[in-house]
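Each chain is listed here by its residues.
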Amino acid sequence: SQTIHQWPATLVQPVGSPLSLECTVEGTSNPNLYWYRQAAGRGLQLLFYSVGIGQISSEVPQNLSASRPQDRQFILSSKKLLLSDSGFYLCACSDSNYGYTFGSGTRLTVV
Amino acid sequence: AQSVTQPDIHITVSEGASLELRCNYSYGATPYLFWYVQSPGQGLQLLLKYFSGDTLVQGIKGFEAEFKRSQSSFNLRKPSVHWSDAAEYFCAVGATGFQKLVFGTGTRLLVSP
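Residues numbered from 1 in each chain as written. Chains lettered and ligands numbered in written order. Predicted model: local features only at pLDDT ≥ 70, side-chain atom pairs only at ≥ 80, totals over all residues. Heavy atoms only, no water.

A. View of the interface of chain A and chain B. The interface is formed by 20 residues belonging to chain A together with 16 residues belonging to chain B. Taken together, both faces of the contact between chain A and chain B bury some 1400 Å²; the carbon and sulfur share is 59%. The largest per-residue losses of area from chain A upon contact with chain B belong to Leu44(A), Tyr100(A) and Phe102(A), which jointly make up 34% of the total buried on that side. For the pair chain A and chain B, the interface holds 1 salt bridge. (Contact = heavy atoms within 4.5 Å. Buried area = accessible area lost by both parts, 1.4 Å probe. Salt bridge = Lys/Arg side-chain N within 4 Å of Asp/Glu carboxyl O.)

Here it is, written out as structure tokens:
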């Protein structure tokens, strides 16, 4: 089965600082990869998804970007964080064998 | 476009009582439907999913859900709630079992003694 490693678990960053969240996947090849953000009371919002190396689709315009440098690595980045970037970020992967799996999430607080 | 509505933001249930969480979806074809549970500060755990076949789906932890195409609903039920069931519950819809999912805004379940 798939396993997702997502780190760090919590992060406090000042406004204007850069961001890099990393997610790696085990137990599958060529999965679809996703970044979701969860803001209080707003459910899960899909930010980016990728169907292959270097292939990124953005679902909403925002201050963030994503990259997939390797088949099982997905990175969420920002050059300058905004207060509104605070939230709980979840990485997920899916494939036809195992369906969907979520990571344990990163709590980002921008101060 | 796909969408999911969970009309109840919060629900409080007494321990031992029955539970039903509502989910309505909008999708043009036969949907793939999911229920996930999230404990505070944690990722999402799959409770159950519906792809096709029997419209009453059994999941983990004693949960079940019923797909009703005529009502575009996929409500989650449990006959007797335990204090450990207190969490946030998300309904989701997808075009397949492994492509991007659209989530509802979630229902927070509180269990009173």
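Back to the write-up after that little detour.
B. Structural view of the pairing of strand β7 (residues 65-70) of chain A. All names here are of chain A. Here β7 pairs with strand β8 (residues 73-78) via 4 bridges, running antiparallel. When the bridges of β8 are listed, Ser67 appears paired with Ile75. As consecutive antiparallel partners, β7 and β8 are separated by 2 residues. (Pairing = 2+ DSSP bridges. Helix = DSSP H or I, 4+ residues; strand = E, 2+ residues; numbered from the N terminus.)

C. Geometry of the nonpolar core. If you look at the biggest cluster of nonpolar residues, it comprises 26 residues, and the most contacted ones within it are Leu19(B), Trp35(B), Leu47(B), Leu48(B), Phe74(B), Leu76(B) and Tyr89(B). Elements with a contribution of two residues or more to this core: β2 (10-14), β3 (19-21), β5 (32-38), β6 (44-50), β8 (64-68), β9 (73-78), β10 (87-94) and β12 (107-112) of chain B. A total of 4 residues in this core trace back to one element, the largest contributor, which is β10(B). If sequence neighbours within four positions are ignored, Phe74(B) has contacts with Cys23(B), Leu33(B), Phe34(B), Trp35(B), Leu48(B), Tyr50(B), Ala65(B), Glu66(B) and Phe67(B). Within the second largest apolar cluster, 20 residues are counted, among which are Leu64(A), Ala66(A), Leu76(A) and Leu108(A). (Core = buried A, V, L, I, M, F, W, Y, C linked by side-chain atoms within 4.5 Å. Buried < 20%, exposed > 50% of the residue type's maximum accessible area, 1.4 Å probe, protein only.)

D. Fine view of the layout of surface pockets. Reported here for the second largest pocket is a volume of approximately 160 Å³. Along the walls of the second largest pocket sit Tyr36(A), Leu44(A), Gln45(A), Leu46(A), Glu59(A), Val60(A), Gln2(B), Lys100(B), Leu101(B), Val102(B) and Phe103(B), which together make up its complete lining. Of all the elements in the fold, those that place two or more residues in the lining of the second largest pocket are β5 (44-52) of chain A together with β11 (101-103) of chain B. Grouping the constituent residues of the lining of the second largest pocket by class yields 7 nonpolar, 2 polar and 2 charged. (1 Å grid on protein atoms, 1.4 Å probe; cavity = no way out; pocket = protein on both sides within 12 Å on 5 of 7 lines; lining within 4 Å. Points joined across faces, edges and corners; volume = space filled by probe spheres on them. Nonpolar A, V, L, I, M, F, W, Y, C, P; charged D, E, K, R; others polar.)

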